[in-house]
Amino acid sequence: MADDRALIVIDVQNDFCPGGNLAVNEGDQIVPLVNRLMEEFGTCVLTQDWHPADHASLVTSHPGAEPFSTIEMAYGDQVLWPAHCVQGTEGADFHADLATDRADLILRKGTDPAIDSYSAFFENDRTTATGLAGWLRERGVSKLTLVGLATDFCVRWSAIDAAKLGFTTTVRLDGCRAIDLDGSLAAAMAEMEENGVELVR
Ligand code: VGL
Ligand code: ZN
């Protein structure tokens, strides 16, 4: 029987690793585990945060604004992040040790200059689909395991959307690291569990 499980690897990119522009503490330390997991799953998807240089989520697009401040956008609150994962830059590349050859699909997100996209399934307007759900379903995938960066933003939003879309969803916390902005990690863990995401500690 075909494997109905997929591994979703969220944003294991240089800018989210130590030395990067939006570095996540210990972000690089998940790479060996992620590489091992990629051998165990029938389907592997890598997501890649991939912003145009003038993307609305980047503080550099808002002269005078402070990094990590929040503004109101048409679709709701938006954190203004340090410029990160700009298309074609080294910061947007996957970590050099990530076994990208094993990926069946590389999904780029956050490409629309006007909308951020934390989730691998929907942009932050919560209505524009990336197409990932259909891609997975057409291949008979119903169970997802998520790992990657960061636990409290892109992993959180992706996992909750996956569960809402009807996928059996597990997050391996040992394969994730967090930004933890103002308690966002604790909030993320509680919200994921409330939405039926299984957290493996
Ligand atoms: C992410 C903030 C901005 C993430 C991406 O991958 O968690 N966080 N863009
Ligand atoms: Zn981003």
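Residues numbered from 1 in each chain as written. Chains lettered and ligands numbered in written order. Predicted model: local features only at pLDDT ≥ 70, side-chain atom pairs only at ≥ 80, totals over all residues. Heavy atoms only, no water.

## Quick notes on the coordination of the zinc ion (ligand 2)
Going by this rule: Donor atoms are limited to N, O and S found within 2.8 Å of the metal ion, a distance that becomes 3.2 Å for Na, K and Ca. With water left out, some sites might look partial. For each residue, the accessible area found with a 1.4 Å probe, counting protein chains only, is set against the maximum for its type, and the residue is called buried under 20%, exposed over 50%, and partly exposed in between.
Around the zinc ion (ligand 2), the protein contributes the donor atoms Asp49 (OD), His51 (NE2) and His84 (NE2), at 2.0 to 2.2 Å from the metal centre. Look at where the donors of the zinc ion (ligand 2) fall in the sequence and you get D-x1-H-x32-H. Summarising the burial analysis for this pair, Asp49 and His51 share the class buried.

## Looking at the environment of Pro67
To keep things clear, this is the line we draw: The way it works is that DSSP assigns letters per residue, a run of H or I at least four long becomes a helix, a run of E at least two long becomes a strand, and they are numbered from the N terminus.
For Pro67, the location among the structural elements is in the loop between strand 2 (43–49) and strand 3 (70–73). Taking the C-alpha atoms as reference points, Pro67 and Pro82, 15 residues apart in sequence, are found 5.7 Å from one another.

## Details of the packing of aromatic side chains
Which entries qualify depends on this criterion: Two aromatic rings from Phe, Tyr or Trp, using only the six-membered ring of Trp, form a pair when their centres are within 6.5 Å; if the ring planes differ by under 30 degrees the pair is stacked, by over 60 it is edge-to-face, and anything between is tilted.
By the definition in use, this model includes 6 aromatic pairs. Here the aromatic rings of Trp81 and Tyr118 are separated by 6.4 Å at their centres, their planes lie at 80 degrees, and the arrangement is edge-to-face. With Trp81 in the loop between strand 4 (76–79) and strand 5 (105–109) and Tyr118 in the loop between strand 5 and helix 2 (132–138), this residue pair connects regions lying 37 residues apart in the sequence. In this structure, Trp81 and Tyr118 share a single accessibility class: buried.

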